[in-house]
Amino acid sequence: EGPSNMATKASHAKPIAAGDIVAVPLPSDRCALIWIIESNPDRSVTFLVMAGFWDGRPDASQVAAARPSKATDPDRLPGDDDVWKGWFRGAVPSDFAIVGKRAPSARERGYADNASGTMIFGTPKRLRDELHRTWRLKHDRTRLEAEWAKRDVSDAKREADRKKNLTLEKLARAPVFPRGRR
């Protein structure tokens, strides 16, 4: 079951605010946490990803013990913060549950001020997808890599079939920028 199969529900009745610790549900009843550092009226959210994954929604003691995930990119540029932080815009899905509150310190608020190293997810759905992919890399890597290999074989076959049937005449008639493709 992939994250794209999860329904995106309407936004929260109660807005997400700075300091909220939010449970992000993942497929197979797993959960990740994000700590909201900044939430703006234009509906953009800056957050820290908390270290770890939980089977189901974490309880109060697990939420209290959660700490920001460290950035692991060995090619991190000078000036990048040493935490996994991100940003998205859009309505926060109602299944993103507020499970705790912790006031960000000046250091955590500084992460929001320093855009360098911030992952731009774009939408909450893309954040959920990336958290699920991260969980799979850690806990289900063999199957994930097998899926990637199968997709690579399928892509290579499709490209070979396309090239096999391609002639100079067909290529000359083909639009330079086909509709619906980017």
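Residues numbered from 1 in each chain as written. Predicted model: local features only at pLDDT ≥ 70, side-chain atom pairs only at ≥ 80, totals over all residues. Heavy atoms only, no water.

**Quick look at a nonpolar patch on the surface**
A contiguous nonpolar patch, built from L166, L168 and L171 and spanning about 310 Å² of accessible area, is present on the exposed surface. Its location among the elements puts L166 in the loop between helix 4 (141-164) and helix 5 (168-173). Judged by its relative accessible area of 34%, L166 is partly exposed. (Patch = residues over 30% accessible without salt bridge, like charges linked within 9 Å, V, L, I, M, F, W, Y side chains within 5 Å. Areas by Shrake-Rupley, 256 points an atom, 1.4 Å probe, with all protein chains shown as cover. Salt bridge = Lys/Arg side-chain N within 4 Å of Asp/Glu carboxyl O. Helix = DSSP H or I, 4+ residues; strand = E, 2+ residues; numbered from the N terminus. Buried < 20%, exposed > 50% of the residue type's maximum accessible area, 1.4 Å probe, protein only.)

**So, the side chain of R136**
Along the chain, the position of R136 falls in helix 3 (residues 124-139). The class of R136 is buried, set by a relative accessible area of 12%. Every residue in contact with R136, bar those within four places of it in the chain, is listed here: R141, R143, L144 and E147. (Contact = heavy atoms within 4.5 Å.)

**Description of the confidence of the model for the chain**
Within the chain, residue pLDDT values average 83, and 84% of them lie at 70 or more. At the level of individual helices and strands, the chain shows its lowest average pLDDT in helix 5, which scores 83, and its highest in strand 1 (residues 20-26), which scores 95. Below a pLDDT of 50 lies the segment residues 1-5, which in the model reaches 11 contacts outside its immediate sequence neighbourhood of four places, other chains included. (pLDDT = per-residue confidence, 0-100.)

**Observations concerning the packing of helix 3 against helix 4**
For any two helices packed against each other, one specifies the crossing angle of their axes together with the interaxial distance. Relative to each other, helix 3 and helix 4 sit at 115°, their axes nearing to 6 Å. The angle between the axes of helix 3 and helix 4 places the two elements in the roughly perpendicular class. Residue-level contacts link R133, R136, L137 and H139 of helix 3 to R141, R143, L144, E147 and W148 of helix 4. In terms of residue class, the contact of helix 3 with helix 4 is built from 3 nonpolar, 1 polar and 5 charged. (Axes fitted to C-alpha atoms, helices over the stretch in contact; angles between N-to-C directions. Parallel < 35°, antiparallel > 145°, perpendicular 65-115°, else oblique. Nonpolar A, V, L, I, M, F, W, Y, C, P; charged D, E, K, R; others polar.)

**Observations concerning the side chain of D20**
With respect to the helices and strands, the residue D20 is situated in strand 1. A distance of 2.8 Å separates the side chain of D20 from the backbone nitrogen of A17, its partner in a polar contact. In this view, D20 contacts P15, I34, W35, I36, I98, G100 and K101; residues no more than four positions away in its chain are not counted. (Polar contact = N/O pair within 3.5 Å; in protein donor to acceptor, adjacent residues only side chain to side chain.)

**Thoughts on the nonpolar core**
Counting residues in each nonpolar core, the largest one holds 17 residues, and the members touching the most others are I34, I36, F47, F88, L127 and L131. Of all hydrophobic cores here, the second largest spans 14 residues; its members include A23, I37, V83 and A112. (Core = buried A, V, L, I, M, F, W, Y, C linked by side-chain atoms within 4.5 Å.)

**Observations concerning helix 3**
Think of an α-helix as turning once every 3.6 residues; residues three or four places apart then point the same way. Over its 16 residues, helix 3 runs 22 Å from end to end, which matches the ideal 22 Å to within 8%, given 1.5 Å per residue. Against the buried residues of helix 3 lie strand 1, strand 2 (30-39), strand 3 (44-49), strand 5 (85-89), strand 7 (119-122) and helix 4. (Expected span 1.5 Å × (residues − 1).)

**Observations concerning the pairing of strand 1**
Across the 7 residues that make up strand 1, a large majority, 7, are buried. Here 4 bridges tie strand 1 to strand 6 (residues 97-101), and the two strands are oriented antiparallel to one another. Bridge pairing links D20 to K101 in strand 6. Pairing geometry for strand 1 and strand 2, over 6 bridges, is antiparallel. Counted as the bridge partner of V22 is I34 from strand 2. Connecting strand 1 to the antiparallel partner strand 2 that follows it, the hairpin turn spans 3 residues, and S28 within it adopts a positive phi of roughly 60°. (Pairing = 2+ DSSP bridges.)

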